[in-house]
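Spelled out, the chains give:
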Amino acid sequence: LLRDQDKGVQQSALELLGRLWRTGEGEIAAATFRPCMEENDPGIRRAAVLALSQAVASSGMSSGSAIEEALSQRLEDIDWNVRVAALRAYARMSAAFEVGKTTDAFAAESSTNDCPPIVTTLAAKVDDASMDVRHAAIDALAQIVGRGNAHAVASVVRFLGHD
């Protein structure tokens, strides 16, 4: 069904597969969804990104390098809807694994050298040409800000223009 000629069937199959994914193997999930992330149709790419993030969140797998590589490529997609989906995927995965969570005041004041790579990736999209992408980046960062990540806080402040 992932290769069906009907784009609606492909998108529905991706959504269903993402919801039903149960294996904890990130490499397998990335390999399964990646071909769809490289389709010509932006709706299929978007559905594949969302399916991968759903699979990661529902199966409890850690976000490994194959998953992050697949998503990071979609952050540079020509279609803003796909970039927004990738940002939402990062936000969903960061929440599932409590990325950016700090346990004390010292950790909250740590330098950006210590920040998780996902925060740096999201912060870079605050300057995207698309307003929708900028808003999705801020939303994703806001979820991490709530866990006390100093770099995420600085990115949100910069976006708001209150240096």
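Scope of this entry: the structure provided in the associated data block. (Residues numbered from 1 in each chain as written. Predicted model: local features only at pLDDT ≥ 70, side-chain atom pairs only at ≥ 80, totals over all residues. Heavy atoms only, no water.)

1. Focus on helix 1 (residues 7–20)
Between its first and last C-alpha, helix 1 extends 20 Å over 14 residues, near the 20 Å set by a 1.5 Å rise per residue. Along helix 1, the residues classified as buried are Gln10, Ala13, Leu14 and Gly18. Considered in projection along helix 1, the buried side chains sweep an arc of 130° and stay on one side of the axis. (Helix = DSSP H or I, 4+ residues; strand = E, 2+ residues; numbered from the N terminus. Expected span 1.5 Å × (residues − 1). Buried < 20%, exposed > 50% of the residue type's maximum accessible area, 1.4 Å probe, protein only. Arc of directions from axis to C-beta.)

2. Details of the environment of leucine 75
Residue position: leucine 75 is located in the loop between helix 4 (65–74) and helix 5 (80–96). Classification of leucine 75 by relative accessible area gives buried; the value is 2%. Considered as a pair, leucine 75 and leucine 122 are 47 residues apart in the sequence and their alpha carbons are 9.0 Å apart. With residues up to four places along the chain from it excluded, the contact list for leucine 75 reads Arg83, Ala86, Leu87, Tyr90, Thr121 and Lys125. (Contact = heavy atoms within 4.5 Å.)

3. Concerning the packing of helix 7 (residues 117–124) against helix 8 (residues 131–145)
Running from N to C, helix 7 and helix 8 cross one another at 150°; their axes reach a closest spacing of 8 Å. In terms of orientation, helix 7 lies roughly antiparallel with respect to helix 8. In this structure, helix 7 crosses over helix 8, and the sense of that crossing is left-handed. Along the contact surface, helix 7 presents Val119, Leu122 and Ala123, while helix 8 presents Ala137, Ala140, Leu141 and Ile144. Among the residues making up the contact of helix 7 with helix 8, the classes are represented as seven nonpolar, no polar and no charged. (Axes fitted to C-alpha atoms, helices over the stretch in contact; angles between N-to-C directions. Parallel < 35°, antiparallel > 145°, perpendicular 65-115°, else oblique. Left-handed = near helix turned anticlockwise from the far one by under 90°. Nonpolar A, V, L, I, M, F, W, Y, C, P; charged D, E, K, R; others polar.)

4. Quick notes on the nonpolar core
Grouped together as the largest cluster of nonpolar side chains are 40 residues, with contacts concentrated most on Leu14, Phe33, Met37, Leu52, Leu71 and Leu122. At the level of elements, helix 2 (26–37), helix 3 (42–59), helix 4, helix 5, helix 7 and helix 8 are the ones that each hand at least two residues to this core. Each residue touching leucine 71, except ones within four places of it in the same chain, is listed here: Met37, Val49, Leu52, Ala86, Ala89, Tyr90 and Met93. (Core = buried A, V, L, I, M, F, W, Y, C linked by side-chain atoms within 4.5 Å.)

5. Section: helix 4
Residues of helix 4 that are buried: Ala66, Ile67, Ala70, Leu71 and Arg74. On an axial view of helix 4, the arc spanned by its buried residues comes to 125°, and they lie on one face.

6. Here we look at the side chain of arginine 74
Tracing the backbone through its elements, the reader meets arginine 74 in helix 4. Ignoring any residue separated from it by four or fewer positions in sequence, one finds arginine 74 in contact with Met37, Glu38, Arg45, Val49, Val82, Arg83 and Ala86.

7. Let's talk about the packing of aromatic side chains
Across all of its chains, the model carries one aromatic pair by this definition. Aromatic side chains tryptophan 21 and phenylalanine 33 sit 5.6 Å apart centroid to centroid with 50° between the ring planes, which places their arrangement in the tilted category. You can see tryptophan 21 sitting in the loop between helix 1 and helix 2 and its partner phenylalanine 33 sitting in helix 2, a full 12 residues away along the chain. Accessibility assignment for this pair places tryptophan 21 and phenylalanine 33 in one class, buried. (Phe/Tyr/Trp six-rings, centres within 6.5 Å; stacked < 30°, edge-to-face > 60°.)

8. Looking at the pattern of salt bridges
Applying the stated rule across the entire model yields eight salt bridges. Here arginine 34 and glutamate 69 are joined by a salt bridge, their closest N and O atoms 3.3 Å apart. One end of the pair, arginine 34, is in helix 2; the other, glutamate 69, is in helix 4, and 35 residues separate them in sequence. What makes arginine 34 buried here is its relative accessible area of 19%. The partly exposed category is assigned to glutamate 69, whose relative accessible area is 42%. Between arginine 45 and aspartate 77 there is a salt bridge; the shortest N-O distance is 2.7 Å. Taken together, the residues span a long stretch of sequence, with arginine 45 in helix 3 and aspartate 77 in the loop between helix 4 and helix 5 at a distance of 32 residues. With a relative accessible area of 7%, arginine 45 lands in the buried category. Taking the relative accessible area as the measure of exposure, aspartate 77 reaches 6% and is therefore buried. (Salt bridge = Lys/Arg side-chain N within 4 Å of Asp/Glu carboxyl O.)

Just geometry here; none of it tells us what the structure is for.
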